[in-house]
Amino acid sequence: MTDSSLVAVARRSTVLRRSFRKDFPSAVRGEGVYVWDANGNRYLDFSGSAAVNFIGHGVPEISAAMAEQAAQLEFVHTSQFTTPVAEEYGRELLEFAGDAFRGGAVYFTCGGSEAVETALKLARQYQVEVGQGGRYQVLSRKQSYHGSTLGALSVSGNKKRREIYLPMVRECEHVGIPYCYRCDYDCTDGCRNCGQQYAAELERAIEQTNGETAGFIFEPVSGATLGAVPPPPGYLESLADVCRRNGVLVIADEVMTGMGRCGRNFAVEHWNVAPDILIAAKGLSSGYAPLGAVIATKKVVDAIADGSGAFLHGFTYNAHPISVAAGRAVLRHLKAHKLVEAADSTRPGTAASLLRESLEGLRELACVGDVRGIGLLLGVEFVADRKTKATFPAGRNFAGRVGGAAAKRGLLVYPMQGTVDGVSGDHLLIAPPAVITAEQIEWAVGQLREAIEETATS
Ligand SMILES: Cc1ncc(COP(=O)(O)O)c(C=O)c1O
């Protein structure tokens, strides 16, 4: 279809779509790793939509839990009631988050951006409660993504998603981020040393705010923007240490990496980092309902409980009973089916290690520069020249075209541009449900290889 006919089709829709220049099939059914459209075409969901689905589509016990909750009590407002389902789920989630969160509490939202907004305000209020009213800035990293609401955009480094809204956004400092494939420091030690230099950059940025920094937010494994880049050894530990020494709250945004996707309950466990505030969404409900969570340590919750006594924040739909019922059922399901273990790429024979092995084979293609990631969150970066790591011209939309060629073959991936500096660079995010089998991986990587070859030669 030409651009103008795509626009004409999109204009006939009553739904304001993400793009007027893309054809969106109508999805009608999901089961396991597959989604079907209204024309009967089947797609293998190799990116869990956008790293959302972790337990597979169409799990009947999740819809049953939601229906049961809806039949019993669809909604109450959190200014008037709590609910048994939210209380129980809160307890189970704190336990899942580990010892560092014992005695803490969970604030449930409708998704990642709302959870990030909540975390930013919680960090600010914590500082006010402990007598640090001058602290309000939340520092973050370049080439990061924390959501689409204005507060979340202000701490995001994703250039394209921010650019036109910048006049509306209050900015704090964004510090550099290690990106080992294109290391600024030309490291030869796996970026162990340069990780420390990036941590020192954070310390300098905090000092420059003259005691105004309330928190620091980061994705443990850089997700959509850089394309599944794990941190170098020692780096996250040093970041957390810098924050602690400077009275700054550590806020781990695990919207994409959490709830098992990286082979641990939360990705920070790989590096023994204990955040003050942990943010989850996406895999939290695996997409069965809009849900996010801000998991706060006892220290943070006590400061408010023993201080002013009220968190000055709220959404009509926070802790929505049906969403919370979905999240609780998803958590029980992923524990019962050992899906965190399936996502562990450090264990031989798991879905995650089979996927990694299989994707590594794509390095044979001249345009594949890097294959990286951890657990079931992997990235494939494309280059025009492997030696110089030169990128394709942004106008070629290489990743987007690979995504289109893959979709034609019944394979869904998550293409992104701007990998290198917000404008140039192309990558795919691969983040399938943890129930994917060896045969499905083999088929999917075969289709992906063909889609890349087709794009490279066209
Ligand atoms: C790390 C991270 N934080 C926050 C968000 C925003 O979440 P949502 O799209 O659910 O608002 C995203 C979304 O991709 C994300 O990847």
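This text goes with the structure placed above it.
What comes next is a walk through the structure. Since we're looking at a predicted model, the values are computed, not measured. (Residues numbered from 1 in each chain as written. Predicted model: local features only at pLDDT ≥ 70, side-chain atom pairs only at ≥ 80, totals over all residues. Heavy atoms only, no water.)

**Some words on the overall build of the chain**
Counting secondary structure elements, the chain contains 15 helices and 15 strands. Relative to its length of 458 residues, the chain is compact, with a C-alpha radius of gyration of 22 Å against a globular reference of 23 Å. In terms of overall dimensions, the chain has C-alpha extents of about 65 × 55 × 50 Å along its principal axes. Residues classed as buried in the chain amount to 55% of the 458 residues present. In the chain, of all internal contacts separated by at least 6 residues, the share reaching a separation of at least 24 is 71%. Put simply, the chain shows about 19400 Å² of open surface, and 51% of that area lies on carbon and sulfur atoms. In the chain, the 46 positive side-chain charges and the 50 negative ones have mean positions that sit 4 Å from each other. (Helix = DSSP H or I, 4+ residues; strand = E, 2+ residues; numbered from the N terminus. Rg over C-alpha atoms; globule rule 2.2 N^0.38 Å. Buried < 20%, exposed > 50% of the residue type's maximum accessible area, 1.4 Å probe, protein only. Contact = heavy atoms within 4.5 Å. Areas by Shrake-Rupley, 256 points an atom, 1.4 Å probe, with all protein chains shown as cover. Lys, Arg positive; Asp, Glu negative; His and termini not counted. Charge placed at Lys NZ, Arg CZ, Asp CG, Glu CD.)

**Quick notes on the nonpolar core**
Residues Phe 46, Phe 382, Ile 430 and Leu 448 are the most contacted members of the largest nonpolar core, which totals 113 residues. The element best represented in this core is helix H11 (residues 321-336), accounting for eight residues. Residue contacts for Phe 46: discarding those within four places in its chain leaves Leu 355, Leu 411, Leu 412, Val 413, Ile 430, Ala 431, Pro 432, Ile 436, Ala 444, Val 445 and Leu 448. Ala 115, Val 116, Ala 152 and Leu 249 belong to the second-largest nonpolar core, a separate cluster that totals 23 residues. (Core = buried A, V, L, I, M, F, W, Y, C linked by side-chain atoms within 4.5 Å.)

**Some words on the packing of aromatic side chains**
Scanning the model with the defined rule gives nine aromatic pairs in all. Measuring from ring centre to ring centre gives 5.8 Å for Phe 96 and Phe 266, while their planes differ by 70 degrees; the resulting arrangement is edge-to-face. Separated by 170 residues along the polypeptide, Phe 96 in helix H4 (residues 84-97) and Phe 266 in the loop between strand E8 (249-253) and strand E9 (277-280) bring together distant segments of the chain. Neither Phe 96 nor Phe 266 differs from the other in exposure class; each is buried. Geometrically, the ring pair formed by Tyr 107 and Phe 311 is edge-to-face, given 5.6 Å between the ring centres and 85 degrees between the ring planes. (Phe/Tyr/Trp six-rings, centres within 6.5 Å; stacked < 30°, edge-to-face > 60°.)

**Things to note about H4**
Across its 14 residues, H4 extends 20 Å between first and last C-alpha, which sits within 8% of the 20 Å expected from 1.5 Å per residue. For H4, the elements touching its buried residues are helix H3 (60-72), strand E4 (105-109), E9, strand E10 (292-296), H11 and helix H12 (339-342). (Expected span 1.5 Å × (residues − 1).)

**Description of the pattern of salt bridges**
Oppositely charged side chains can form a pair if their charged atoms are brought close together. Scanning all chains against the criterion turns up 24 salt bridges. Between Arg 21 and Asp 3 there is a salt bridge, and its shortest N-O distance comes to 3.6 Å. Placement of Arg 21 in the loop between helix H1 (3-12) and strand E1 (27-31) and of Asp 3 in helix H1 is noted, with a sequence separation of 18 residues between them. With relative accessibility at 53%, the residue Arg 21 sits in the exposed group. The partner of Arg 449 in a salt bridge is Glu 364, and the shortest N-O contact between them spans 3.0 Å. (Salt bridge = Lys/Arg side-chain N within 4 Å of Asp/Glu carboxyl O.)

**Some thoughts on the site of the ligand**
Every residue near the ligand is listed here: Gly 111, Gly 112, Ser 113, Tyr 145, His 146, Gly 147, Glu 219, Asp 253, Val 255, Met 256 and Lys 282. Between the ligand and Gly 112 there is a distance of 2.9 Å, counted from an oxygen atom to a backbone nitrogen or oxygen. Within the side chain of Lys 282, a nitrogen or oxygen atom sits 3.0 Å from an oxygen atom of the ligand. The protein chains hide 83% of the 400 Å² of surface that the ligand would expose on its own. Its residues assigned to classes, the shell around the ligand shows three nonpolar, five polar and three charged. (Near = heavy atom within 4 Å. Polar contact = N/O pair within 3.5 Å; in protein donor to acceptor, adjacent residues only side chain to side chain. Nonpolar A, V, L, I, M, F, W, Y, C, P; charged D, E, K, R; others polar.)

**Digging into the sheet that holds strand E14 (residues 414-417)**
The four strands lie next to each other as E11-E12-E15-E14, forming an open sheet whose pairing is antiparallel. Two strands lie at the open edges of the sheet, namely strand E11 (368-374) and E14, each paired on one side alone. Across the sheet, the mean angle separating the axes of adjacent strands is 20 degrees when strand polarity is ignored. Pairing of E11 with strand E12 (residues 377-382) involves six bridges; the strand directions are antiparallel. Residue pairing across strands places Val 368 opposite Phe 382, the latter belonging to E12. Contacts between helix H13 (residues 351-360) and the sheet are confined to E11, E12 and strand E15 (426-430), with E11 contributing the most and set at about 170 degrees to the helix. (Pairing = 2+ DSSP bridges. Axes fitted to C-alpha atoms, helices over the stretch in contact; angles between N-to-C directions.)

**Things to note about a nonpolar patch on the surface**
Where nonpolar side chains cluster on the molecular surface, the patch consists of Leu 150, Ile 164, Tyr 165 and Met 168 and spans about 430 Å² of accessible area. Among the secondary structure elements, Ile 164 is positioned in the loop between helix H7 (159-162) and strand E6 (174-175). The class of Ile 164 is exposed, set by a relative accessible area of 67%. (Patch = residues over 30% accessible without salt bridge, like charges linked within 9 Å, V, L, I, M, F, W, Y side chains within 5 Å.)

**Some thoughts on the environment of Gly 48**
Along the chain, the position of Gly 48 falls in helix H2 (residues 48-51). Exposure remark for Gly 48: the relative accessible area of 0% places this residue in the buried category. When the C-alpha atoms of Gly 48 and Ala 71 are compared, they prove to be 29 Å apart, with 23 residues separating the residues in sequence. In this view, Gly 48 contacts Asn 53, Ala 431, Pro 432 and Pro 433; residues no more than four positions away in its chain are not counted.

**What to know about the state of the cysteines**
Under the counting rule described, the total for this entry stands at zero disulfides. Free cysteine Cys 262: the closest other cysteine sulfur is in Cys 180, separated by 15 Å. Relative accessible area serves as the criterion here: at 1%, Cys 262 is assigned to the buried category. (Disulfide = S-S within 2.5 Å.)

**Topic: the packing of helix H5 (residues 112-129) against helix H10 (residues 298-305)**
Between H5 and H10, whose axes approach to 9 Å, the crossing angle comes to 60 degrees. Overall, the two elements H5 and H10 adopt an arrangement that is oblique. Helix-helix and strand crossings are classified by hand; for H5 and H10 the assignment is left-handed. For the pair formed by H5 and H10, the contact residues are Leu 122, Gln 125, Tyr 126 and Glu 129 on the first element and Lys 299, Val 300, Ala 303 and Ile 304 on the second. For the contact of H5 with H10, a count of residues per class yields five nonpolar, one polar and two charged. (Parallel < 35°, antiparallel > 145°, perpendicular 65-115°, else oblique. Left-handed = near helix turned anticlockwise from the far one by under 90°.)

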